Each structure stands twice: as C-alpha cells, then as structure tokens.
Amino acid sequence: MKMQYRLHVLFSGFLLTLALSCSKQLNEHPNSVVTPDFFSTAQGFQSGLDAAYGGMRNLWGTENLFTITCIGTDEFITGNDGTGNNINYYSSGYTPSDGKLSPIWNSCYTFINDCNGLVDYGPKIANLDSVKRKEMIAEAKFLRANYYFVLVQFWGPVTLNKHFQSTPTTSAQRSPVSDVYDFIVQDLQDAIAGLPASPVGSGVLPGKATAAAARHLLAKVYLTRASSLAAHADDYQNAFTMASGLITSSASLGLGLLPDFGSVYQEGNESNKEVLWTVQHTASLAYNGSPTQNSSGNDNVLVHMWVPKYETFVPGMQRDILDGRPYIRAVPTRWLTDTVFKEKTNDMRYNKTFQTVWLCNNAAGIPKWPNPVPSGVDPSLAGKPKFALGDTACYMPGSDVSDVTIAATRYLLMPPRKYNIQMGPYMKKYIDTRRSDMNAPSIRPVIVWTLSETYLIAAEAAMHLNNLPAAVGYINTIRERAAYPSGNVAAMDITAAQITQDFILDERSRELCGQMTRWWDLVRTHQLLPRVIAHSSDGRANIVGKDTLRPIPTSQIQAVTSGPAYGPMSDPLWN
Amino acid sequence: MKSLVTAGLFFLTVFFSLTLSAQPSSVAVHGTITSSGGEPLAGVSILVKGTRTGTTTGADGRFQLSVARNGTLVFSYAGYVPKEVRVGTTDLPAFQLRLEENRNDLDQVIVVGYGTRRKSEVTGSIASVSEKAIQDVPSANLSQAIQGQAAGIDIEKSKGNSHPGQSPNILIRGTRSVKAGNDPLFVVDGIPFQGSIDDINQDDVASVEVLKDASSTAIYGSRGANGVILVTTKRGRAGAKPRISYSGYAGFTKWLGEYPMMNGPQYLQLKKWATFIGNPGVYTGPDDPNLINGSLIALAPEEKQGIANGRSTDWQKLVYKTGVSTNHQLGVSGGTDNTQYALGAGYYDEKGVYPGQEFTRYSLKLSVDQRLNDFIKIGLSSLNSYTVTRGENVNPMGQALRASPLVSPNDSTGKLINNFLPGSANQVWNPLADFLPGNSVEKRNRLGTFSTVYVEVSPMKNLKYRFNGGAEIRNDVYGNFYGRYTTNNLGVQSTAENATTQTTSYTLENMLIYDKTIARRHKINFTGLYSFQKYSVQNNTFDYASVLSDQAQYFNPALGANFQATNSTSDPNKNNLMPWALISYMGRLNYTFNDKYLLTITMRSDGSSKLAPGNKYHVFPSAALAWNAIKEKFLMNQTTLTNLRVRASYGEVGNPAINPYQTLGSLTAQTYNYGSTNTTGLYPNAAPNPNLNWEYTATANAGVDFGFLQNRVTGSIDVYHSYTRDMIMPVTLPASSGIPSQILTNIGKSENKGIELHLAADIIQSHSNHGFSWSADVNFYLNRGEITQLLPSINTTLDGKPADLANKWFVGRPIGSFYDYVRAGVWQATAQDSANAKALGQTITGNKSVIGQARILDRNHNGVIDAGDEAVVGTPQPRWEGGTTQRFAYRGFDLTVVAFARVGGTIESALYGAGYASTMQGNYNNVNIAYWTPKNPTNRWSAANSAQTNPPYHSTFAYFDGSFLKIRSMTLGYTLPEPVVKGIGFKSIRLYATAKDPFILFSAYRDKYHGIDPELTGTTDNLNTPASWSMLFGLNVGF
C-alpha cells in the first residue's frame, strides 16, 4: 500500500511537467521582427517604397558621394581636414578598399533589391488601387534607374539584377555597360508614363519622383551613354529631344527658371519651381538621418564640407551657426575662383556661390592695432581695437592687393595669393541656419537636379548634334539670368563661335559647382585627366587612365566566393 | 596593536608550555578541530598512533582524550589532509588544530551534470575549484576569482576593459566557433543559469566544477560544446551548530600606468615635423621660423601661449582618481538531521579610476533542505541580487589622449572650459567637462532572482525520483543622460536613453535515478531525464534628445524630443521580444565492475525552437571508460604510487547559440520624410534561412590521474582533440546580391587539440599545528585550434589553402587570426628606397609620399602593393598558459600567491595602430614614439605628416607579443590564536591584506612599449579604462 502511494507521488510529478510542455512550444511566432513576406501586402509595399526613397540619403548629402564627385576634379582640391583622403590625390594610397566607395556600392544594391521587390510584387498585391499601383511601381523604377545610373557612371560594367533576390547567393557576374544602360532607359521610360507630371502641382509631396524629374534624368542618361562605349547613334538626339521637350513644357508644368540664381539655393526655398528633384531632410530630427544626428551615416553633411577655418584663422571670429562648423574637406581651385569665375561683375554667380566676407562675431577676439601702426594708418589708433562687433573681420576681394595694403587694412584682407587649404572662398550653397546647433548636420533637402541643368544638357546635346543656335539659345538663357539684378545682360551673351565642350564644362561649373555632378561630367566628356592635370594640385602628379573608373570595392570582390571570380576589374590597372 | 602583541605573547607561552613542561605519564588533551576557515569539524577521527584507542569530535568540533607522554595523535577526516601531532609531556587544556581541505582526496564527492560522483568514479575530464581557492582571490565576481586556477580555462578581460562591473570572457579549451559563440553554459545548483556571472556573489559559492570533455558535457547535449561550468552554492550541514560569520574588506584601486602620450614640447615638435612634411617645399625644415609663425601649423592662440609659458598638461593625471572598494558579507548556517539552512547577505562596492564609475551589489542567498519523512526530501535555494552599475561606458580617453598638452583645462578666468579645447583641430572636447555634476549620468540597475526547488522521492530502495524546478527573473533598467556640453554630444544637443530588459526563464526537470549493486561487483547507476526550458527576453530601448531640463536626466522622455527606438533584428537588447524553448530527453548509464573498470554511456536528445521545422531535434551520444589501475594487484605491493587511473572518452555535443528568428529573414527600418510628412520604411535586410542548424563538436579525450606518497603529490594529465563540424559561419554576401545582412550557414569545420596538466603538492607538511607548511597548485595547458574547412566553393586562397578573405578565416589558422599587410621597416630617404618604392607604384613625391612611411612587402611579387600582399601576421592563440597558487603557513600566518601566465599570442593595440592616439598628423596629441625623421631613420615607426589622417598601413604598427605573467593576488593573513579570540567572545578571527593584480611581469608590450595591460581578448576595440591594481585589507570573523 505504502509503495503504491509512493509511486503515485512519482507519477503525478511526471504528469505535472509533461502537461506544461509539448512540441508546440518549439514553433516560432515572431512579434518584434518583420519578415520579408510583409512585402507582399499593400502596407508592406508602401513601406518598401518609403525605404527606397530613404536609401537616397545614403548617397546625396553624405561625405562619401560629395568626396568622390566634387573633390579630385578641376573645381575643388582637398581642404586641410580632408587630407586623409587618398582618393582625390589618385595616389598609391587610393586602393579598391577605399572607405568612400563601398558604402555607395552597397547602398545602391541594397535599395535596388528593395525596388526589385516592389516592381516584382507590385502587380500581385491585393487590395491596391490600380492608379496608385501604377504610380508606385513607376516610382520604384525611377529610383532603381537612379541607383543604377550612379553605379554605371562610377564602375562601368556592373552586376545587373532585374528581379528580387530573396535567397542568399555568393556568386555575381558583371553585365555589359550597354545592358545596364538599356535597363535604365526602359525603367525611366516606364516611370515617365506612370508618374505625376510635375513636382509643382496638387498632391505631389516634396521629394517624390515625377515625370519631369524622370525626363531630366533620362536626358542625362542619353547624354552620358552617347559618349560611352555603349553609345547608340541616336543618343544625342534623344538627349536633346528629352531635355528640350522638358524645357518647352516647363511653363505648362509650373516649372521655370527663377529670376535670381541665388534664390535657387536659398535656405528654405528648396521646393522652388526650378528644382526637379530633391533628397529630403527635415527639422524633425528623428527622421532626419542618423539617430544621433552627429553628422554620420546618412546625415546631410554638405553644410560642413566647405566651411573654412575662420574660427582659428580670422581674428574676431568664433564658431557660429551661420558660418558653420569647419570641416574644411574641400577648397576651390585657384582656376575655379580666378579663371572660371573671372567675370565677377556682370555674372552674379560668383558672389552667390561663394562667401567672401566674414562679419566679426567675437568681441574678445578683436585684434588691436600694433604700436607703431603700419604705414597708412592713423597713428592715434595704436593699441585700439581694429574693428567692432558686426564689422567685417575678413574679406576676399578676388583680386590682388599689396602687402602694405593688407597690413594697413583693419580686417583680414585676403587676396587670392593668400588662399590656402585652411581658408579661402567658402561654397555657400548649403548654408543652413535653422539647424539645432552650429555643430549639427543640415536639415535642408539636397537639391539634386534643377531645370537650369536641363538647359545645359540640352545645349551640350545640341552642340554634339551641331545645332549651335539651339545651344547658344539655351546657354544664353542661363547666362542672362546670371546677370540678375545688376549685371549687364547683353554682356553675358555668347555666340555660336564660343560653343565648345570646354566652354560648356566651364559654364556648368559656374552654374552647378559643388553639386555632386562634376566628376561624372568630366568623365562623360573625357576631360577628367586633362583637367585634373591642368588644375588640381592634388591629383596632377598621380592621375592615370584607370582613374576614369572607380575600382570595384574589395569587399565585393572578396565576397564573390562561388562561380567565376568577380572581374575583370573596372580597368586592368585596378588590381 | 597592543592586543596583537598580547595575543602573540600568549601564543608563544602556550607553544613553549607544550614542549617544555615535564609532567605525569599520560597527558590529557582537550581540544577543538576546525577547518582552515575556522569552522568546527564534527566527526573527526582521532587515534593514538599505534593503538586502537581514539575518539571522534562532537558537533562543536571538541574532543578530549588521554594519551601516553610523547605519544602521537593521528587526526583524519574525509576530505581533509590527515595530520599527526606529537603531544609531548604536559596536559593540553586548549589544544587547537586546523585541518586543511584535501583537494586531492579520491573519496571527495564532486558535482557532475545531473548528480554527483566520487572523484574515483569520474570517467570524464572535470576541473574542480574549491571554496578555499575561490576565497583566495577577493574579486568583484566569480569568474575573476577562478581566473588562473584550473587547466584549460582561459579567462580574460573583455577587450582589455577594466571598468568596475566588467565581465571577463571565459573560453574552455580554445575557440571553436566563429559565430555561434564560445561562452560556456553556466549551471547553478543544477539549473541552467541565464544571468550574468557578475550577479553571483563569490562568498555564496561552495565549489565550481568545469566540465570539459564530451563525456561530461554530453548530458547538456546541444549546449555542451563550449564546456559547462557548474556552480554549487553553500548549504547548511546536518548536525552543525548555528554559526555566524562575517567577512569584509576595504581598499583602494590605482591605475597601473598612464598611456604614454607626448608632453607639450614633444607635441610641438611633432606638429612641426607633421607640418613640414605635409607641406613639401613650403618650409626649409621643422625649425623654419616661418613654420611656427605661419598658419599651416594650426596652433591655437592658447597653444602659442602655452608654448611661451612652458605649459605641458598631463590630461590623464587630471582624469584618473583613486578608486575605493568595500565588501561586507554576513553568513548564518546550521542544521539538524532533518533541516539544514544557510543564509548569506552581501554588500560589495567598487569605485573605479574614472570619476562616476561604480559597481555596487547587494546579494541575499538562502537555502533550506528539509526531510519530510523517510522517503521525501525537499529543498530550495534562492539567489537574489541587486546591482547598480554607474558609468559603465565612461571613457574619456578619446578626448584625454588627443587633447593638446599645450592648453589648460581652464580658460583665462580659471573656469573649466566646457567646450572644444583650443587646438586639437577643434575636435576635442574638454574631457573634464563630463565630470561636472549632472552633466553625464549613466546607471544600470539589475535585479535578479534565481530560485531552484527540488523534491526527492525514494519509493524503493534503489530508485529515486527527483523533480528539479528553476525560475529566473531578471530586470535590467538602464538609463543614460549626456548633457549638451559633454564629450558625448559636443555641444549639439543633450541626449538620453532609457532601456528596460526583462528576462524570464524557467526549467522543469524530471529525473529517475536507479542505483543498484549486483553481486557486490557490478554497480549500476542509471539516470533518466526529461526536461523543458522556456526562456524569453524582452527589451525596450528609447533614445531621445534635447531634454528640456538637464535636471530631468533620462527619467522623463516626455521632456525630450526626437524619439528613436532603434532595432536590430538579431540583438536581444534592442526593442525585441525573443523567446526560445528547449525540450530534452536524456539517459545516462554508469557501470562499474569491481571498482576497477568504469563505463559511462550518455544520450541526450534536444529539440530547439530556434531552428526551422524539420531541423529541430538532434541526438547527442557519448561514452567513456576508466580503469582504476591502482586497484590492480600488481600495484598493491608498493607505497610510492597511491593513485593511478586511466580515462578515455568520446562524444558529440552541440552549440545552439543562435538567436531566435535567424531562420526567418527580416526587413529593416529606414526613416525618411517627404516635406513635413515623416515615414518609416522597411527594406529587405536578411534572407530567410531554413537550413540553419546547430554546430556540433565531437571530442576525444584521454587522461591519467595519479597520486604519489599518500597523495601528497597528485595530478592529472589530459589530452584532447575536438572536431567541430557544421560550424556556423556568417557569410558576407556580395553587396551586389542586394542582401546586406550576413547569412548564417553551417559550412565550416574547425579542430582544437591540447594538453592540460594539473599538479597539486603538499611540498612541506607541518608536523605540528604551528610549523611551516607549503603547498602548491600548478596548472599548465595549451590549445591549438585551426579552421579546417570553409565553404567548399570558396575560390580565394592564402598560401595555397582556402581562405575567406572578407571574414578573415583561413584554413590551417586559428579563428581570430590577424590578417594584414606585412611591414618590413620604413621607406627611407635614400635613392635606392625611392626607386624601389616607385617600382612598386608608390607615390614618392608630394605630401602623399611614402618616404618615412610603412614599407609593405610585395609578398606576391606582382610589382604592386595590393590586397594580394596581405598575410596572417599573428594569432591571438597563446603558445601556452598556466597558473599557480602557492600557499604558505607558519604559526598563525598564511601567505597565498595566485599567478597566471600567457605566453605567445599576438595582441592588437589600439594605442599604436587602429585607434586615434597615434594618427601622426599633428592635429591631436600622439603616443610618444621616436617617429621617423630624416635625422632619425628608424624602421620601427612612421613619419609625422599633417596631410594624412593616419599613416598609410597604420594597422601594421599595432601588433605586439601578448606574453605576460600576472600576479593575480598576494594575500598575507593572520589568524588570531583561539584563546585570544575566545577571550573577546569570538570563535575565530583572521586578518589579511591582499594586493590584487599588483604586478605584470615579462610583458614586452608593457615593459618596452609602455602599454598598460597585455591581458585582453585578442584585440582592443578601444582605448578604455586602464588596468588597475588594488590593495585590500580584510577581516574574517566567526561568532
């Protein structure tokens, strides 16, 4: 009896735990993870599209894209605090593992796959309005074309994924440049058919893809392909048709050139009628980029990139939000400030592009006249402050002045021969005074394309088609606008005889310098080597033929572990 | 002090009276026998040598006996070293004897998985660390206390960080996994423990057993691959009088050294060289007066003033302060035959060498065992702790090491600068600003409760049923607040983080144990188990910024703006709910024939929720054999060898350390906005991975246990070879695949083999209670690990063997090998070197010239320096490691020294290579090295150059030999004589002083290169809290 009781106790114990556990416990029901099947719902589709737009912040606005499109060209050389970059010196330290390259390569492919998912699943998603569906697929194609265009311009023959990849693969192959361009062109043609016509108009949110932006991009794609190995005979014609068509219809789309070149880049005016497409940022800091808002990741850091060391170099100045945080990654070449912008009177763009005056904001730092005073200065001023708060602390007249004049000037007077990699004219298109702090990243949208560039694309295509009157017309429209308000409009006009590739490149500098397009422009026009050798003290000694393509990132090459090795390299010299 | 002298005199008097007095033919001995810790020992057998006369001690450890004059008493007690004492000729009314624990005793019972075994019956490879050994090293946590005390167990500071509350990394028999983790499983009082080892109070621990071979760990099946650490907490003993004890210590902590940075003049000279070389053709040399007066050198006005004043600020000196540690432990234990209990309460507090760093632990431990009737016994054990960690991420080194020594932390009015410091490229915030009250607050409160219960039913003589239940709940509340004007936020906006993590786990186990001896010679023991464990961790982390009032710190997110809730799909500490469950069936059979031949067979089947359907279950088998050779006739007739046992085992265990949801794939959030419309999008990040499986490790182990001279010398030697297959490897997919996240695959294989030696010796035994004794423990071990297989299709090689270059895995090399370019000196300013450099495509003119910079070997002789020239330049795997504990005793004094050594192995120093302290740019202060100049054509260091953020191939300067010998602790104790102690109403009193980590010896990194601490796991990620040493003064009292 007693034994039976004991066994009973034993048996109950077993039952107790068996009841608590069964194999159902081994099934996973994720609550905090969203799995890829979400993508096939309407809500998931919208989120995928939002992310594909968000991915653009990994390109425009970052130091990476800025560095490899703006510096290392004829326009800018490396500034004092950017000298760690080897990439713009084209020196032997510039290798396929350069840290500026892989983030761009990687981002493009991540978000191409995102777009692939949208394009592939879009037609199958239930409960989605057909107009909305068409528009959203068109947006995805616009974005995908954009990512591929970045890839093909930097790396030439790249991997072309046309469909969503959801299974892991360790192999990859490169496609001919022509296939990549064909895919881009098709995507943009589809996008033009499905997108709202214009960013100006009811219901189009800032930053959204529009047919106007897609037309501009397609014109640029044709123009770029036209001078590549994948050229089609009608590329220049198509570029011209696309660009001039957009210009012709611009008025009806609510688009147009602003009267004042300066107001195109004015803070807070990023949605003006000249702007075709922007990559958005916001004062709502949680949505503005990096979580820490410390000018890392996908923050818009263009506001910092050109800021010179005024706070250490200019007496009477301290760091403030208007003058910015001195990252000084780039300074203009003397050729840009002195030659391209030689005309500073009738052409207002120099002074609307560069800051050349700093106003004293630090009473404690105001210098005093020495005793004895320099010649030409009232001796009674000896020992007295040179200027007061709010007065000019630094001025760059843009032309030479003598050392005697410099010594006798109460503020820091810097003629061009005094420019250096710490202090020079400051590219002010990205000034942002509404940031939370002088050290914070920008909250301004990045303007990617303006209608003025459409004019320059049309002009370049017209030149290649030998339609010089058209080229002159488009260029003169841009140049005449540049005289606003006080320049001599007539003096700005050029004639057909002046139309050359070099002239158009120079005009692009005057209109677009600092806008993350220059390196591509120079490669497109086969002018990278001649112009870097001519104008860049950084790169002239080192640049060679292979530098017209970027090297495939080492991380990509090493990760291709099955199938044929990832190659050949962009250029046989890159290995 | 006076009482100490009195005590000493009294002690001497007693001692001499023992030996000198001449009295009747027999002497009366009245005495007490205690353990070395002062606990009275009940049931100690006392025999008069050569007779059958004797007695045993009572519950209070007392005895009395009459002995012939000059007779010898033999004291013996299971588990303790027997002792013989000659009594002399006078009565001994207050005889007192401490017996030392015999860690080598074969009858000692040790804990194995799901049960206990006598040491002589163990068939696997198990290292045991005793309570005494754990007490020898007063430490912040258990893993620090057992560091260096057992062969095959490598315990090291994680990333070299020494902050209070840091948890060391533990590796058992090397590294076998690249992704599934190499952390052993912790089992506390029989139940898998999920908490941090920091939460265990070392004073509550009775023993630690480390299961190393597959036979021992197979019983933990899928979780055994990295070894298992069994922690047994103290319990009350039957028939022991209540005993109250107190132990405590207090002491100070000092940094072991400063990072060797430049002083003012050295820094100025560096700036001159950097500017001169970075602007070729502009100046005539570093002493060109135009240079110091020019703008290119980037000297702030304050720095110029500092040069004029001869200022040289030692920023580290301003940052470090002396830390303080305090520890108080109170224990009560006792028991009757039916009820036993133990209660412990502890307080530990450690303040580090940075202001604001502190670790405090309050712990409460209770265990009760109760016999209900003749066949049911129940018990519970509850471990509770509350810890507060402050400033765990405080690390002002990024600013302190870079700050210009030419400037002062204060402005011209004497006020602390709370801004970027002048100089240092306006990038370095005053590191002292963080220490302004309320400016930087970081606190983690962790509450953990871990309780186990058991019910043991013996329905029949040979059958036992045991139910084990364990429940663990941990709450971790973390917050930080960094004011706008701190090194964290550099004046942008204040930031705060608030994170709450709750971890729950329960385990239910049913065990049947059948134990029978058949025909006296066949002993059978069968253990059957069914177990279920459910675990869940939930975390919510919010980050926000621009807190309206600094006073609100991180407590009220409503006062902040810009909420962030960051998420990583694979990180249980980032806004995730991650549950998993494990269902297990296990059987183990032990068979012993004639006490000579032993066999253990174990099978365990585990089913895990983390794996995809179809892959969830796996069976883990193992077998072990042992031969007690000492029991054979041919060894009976000798006395030298007193133990000889040979063991062999083979088995397979698993490593399931995959996070939940890894087989499912995931999308990742990306924020964006369209004008004022904010969105959070999702993009594909990880691909579904249904084939993911556990990785398996099969281990063959052979060992010999031996003892000589009545086991005065004992030891064991183990050799093992383990084979890991289906090694989980994160494969970085080509970015062009569009899947950015690495994918886990079971593709690799690795092997580890090694030798472990453990020796323990009572080198000098004292023949009286007061004589000199010396005992020593030595362990020595080495492990050789290598990857033996990678993805079969891998098409890249290194030195002819397959190599995964992106992940730095190489067949034939250990996991974690350093892969880098090979530096062969420095390009010198000679025509020959210029020509050679140019031939390799190196830039030799301008400010990017390689002259004065690292000269990289063109290993593949293809005429250029490229990725193909990289090689394995070192491995973190040491040649060998070892530890020793030396114990000396004389009269009431005891001296214990614990040391351990690592020899060989490469460390990567952030100070010299990967970090920010040696940029050589002249923008920031720099580590003080004899850098290259035309006048100092060294081949060891590169030149300064203002035109580059870091010297090219900077990392090649970072590799150092990681060998060292560390004195872990030195403790000098004095136990007061019993009469003195009794006189003031105590049972025992011991005073001691401990120097913790006082010396690091034979470290080239430290001695030659002025690094601080070579003890780190492979690499430093950051320059962090420097190593420290402490001096503690303690007291143990028994009431």
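Note that this is a predicted model, so its numbers are computed, not measured. (Residues numbered from 1 in each chain as written. Chains lettered and ligands numbered in written order. Predicted model: local features only at pLDDT ≥ 70, side-chain atom pairs only at ≥ 80, totals over all residues. Heavy atoms only, no water.)

Scanning chain B from N- to C-terminus turns up 13 helices and 50 strands. Computed over the C-alpha atoms, the radius of gyration of chain B is 32 Å, within 12% of the 31 Å expected from 2.2 N^0.38 for a compact globule of 1039 residues. Each of the three principal axes of chain B carries a C-alpha extent, and together these read 105 × 75 × 65 Å. Per-residue burial over chain B gives 58% buried out of 1039 residues. By sequence separation, contacts in chain B at least 24 residues apart represent 69% of the contacts at least 6 residues apart. Within chain B, one finds 90 positive and 77 negative side-chain charges whose respective centroids are separated by 5 Å. (Helix = DSSP H or I, 4+ residues; strand = E, 2+ residues; numbered from the N terminus. Rg over C-alpha atoms; globule rule 2.2 N^0.38 Å. Buried < 20%, exposed > 50% of the residue type's maximum accessible area, 1.4 Å probe, protein only. Contact = heavy atoms within 4.5 Å. Lys, Arg positive; Asp, Glu negative; His and termini not counted. Charge placed at Lys NZ, Arg CZ, Asp CG, Glu CD.)

Turning our attention to the interface of chain B and chain A. Contacts between chain B and chain A engage 98 residues on the former and 104 residues on the latter. Buried surface at the junction of chain B and chain A, both sides included, amounts to about 8300 Å², of which 59% is carbon and sulfur. Of all residues in chain B, the largest losses of buried area upon contact with chain A belong to Tyr672(B), Tyr674(B) and Ser736(B), amounting jointly to 9% of the total for that side. The interface formed by chain B and chain A contains 1 salt bridge. Remark: the boundary between chain B and chain A carries 21 residue pairs in polar contact (both at pLDDT 80 or more). The leading source of residues in the side of chain B that touches chain A is strand 32 (residues 677-686) of chain B, at 9 residues. For the side of chain B that touches chain A, a count of residues per class yields 48 nonpolar, 43 polar and 7 charged. (Buried area = accessible area lost by both parts, 1.4 Å probe. Salt bridge = Lys/Arg side-chain N within 4 Å of Asp/Glu carboxyl O. Polar contact = N/O pair within 3.5 Å; in protein donor to acceptor, adjacent residues only side chain to side chain. Nonpolar A, V, L, I, M, F, W, Y, C, P; charged D, E, K, R; others polar.)

Here the focus is the sheet that holds strand 7 (residues 92-99) of chain B. Residue and element names in this part refer to chain B. Reading across the sheet, the 3 strands line up as 4-1-7 and stay open at both edges, with mixed pairing between neighbours. Taken across any chain shown, the strands that pair with only one partner, and hence form the sheet edges, are strand 4 (62-68) and strand 7. Across this sheet, the average inter-strand angle for adjacent strands is 35°, counted without regard to direction. Both strand 1 (residues 26-35) and strand 4 contribute to a ladder of 7 bridges, which runs antiparallel. Considered in strand 4, the bridge of Ala-28 is made with Ser-66. (Pairing = 2+ DSSP bridges. Axes fitted to C-alpha atoms, helices over the stretch in contact; angles between N-to-C directions.)

The next thing to look at is unusual backbone geometry. Residue and element names in this part refer to chain A. Residue Pro-372 follows Asn-371 across a cis peptide bond; omega there is 0°. Structurally, Pro-372 is set in the loop between strand 5 (357-359) and strand 6 (392-395). In this chain, Tyr-484 is followed by Pro-485 through a cis amide linkage whose omega measures 0°. Looking at where Pro-485 falls in the secondary structure, it is placed in the loop between helix 16 (468-482) and helix 17 (489-492).

Another aspect to go through is the pattern of salt bridges. All names here are of chain A. If you walk through the whole model with that rule in mind, you get 64 salt bridges over all chains. The salt bridge involving Arg-417 is made with Asp-400; its shortest N-O contact spans 2.8 Å. Linking Arg-417 in the loop between strand 7 (412-413) and strand 8 (426-427) with Asp-400 in the loop between strand 6 and helix 14 (403-408), this pair joins segments that are 17 residues apart in sequence. A residue is classified by how much of its surface remains accessible, and Arg-417, at 38% relative accessible area, is partly exposed. Overall, Asp-400 belongs to the exposed group, its relative accessible area being 54%.

Another aspect to go through is the environment of Asn31(A). Mapped onto the secondary structure, Asn31(A) falls in the loop between helix 1 (2-20) and helix 2 (42-54). The exposure class assigned to Asn31(A) is exposed, which follows from its relative accessible area of 62%. Here Asn31(A) is in contact with Leu577(B) and Tyr661(B), once residues within four sequence places are set aside.

It is worth spelling out the packing of aromatic side chains at this point. Residue and element names in this part refer to chain A. Under the definition given, this model contains 68 aromatic pairs over all chains. Seen in terms of ring centroids, Phe-154 and Trp-519 are 5.6 Å apart; in terms of plane orientation they differ by 40°. Their pairing is tilted. Residue Phe-154 is located in helix 5 (residues 130-155), and its partner Trp-519 is located in helix 19 (residues 518-524); the two are separated by 365 residues in the primary sequence. For Trp-519, a relative accessible area of 0% translates into the label buried. Aromatic rings pair up to connect Trp-105, Tyr-109, Tyr-148, Phe-154, Trp-155, Phe-183, Trp-519, Trp-520 and Tyr-566 into one cluster. Looking at Lys-386, its charged tip hangs above the ring of Trp-369, at a distance of 4.9 Å from the centre. (Phe/Tyr/Trp six-rings, centres within 6.5 Å; stacked < 30°, edge-to-face > 60°. Lys NZ or Arg CZ within 6 Å of the ring centre and 35° of its normal.)

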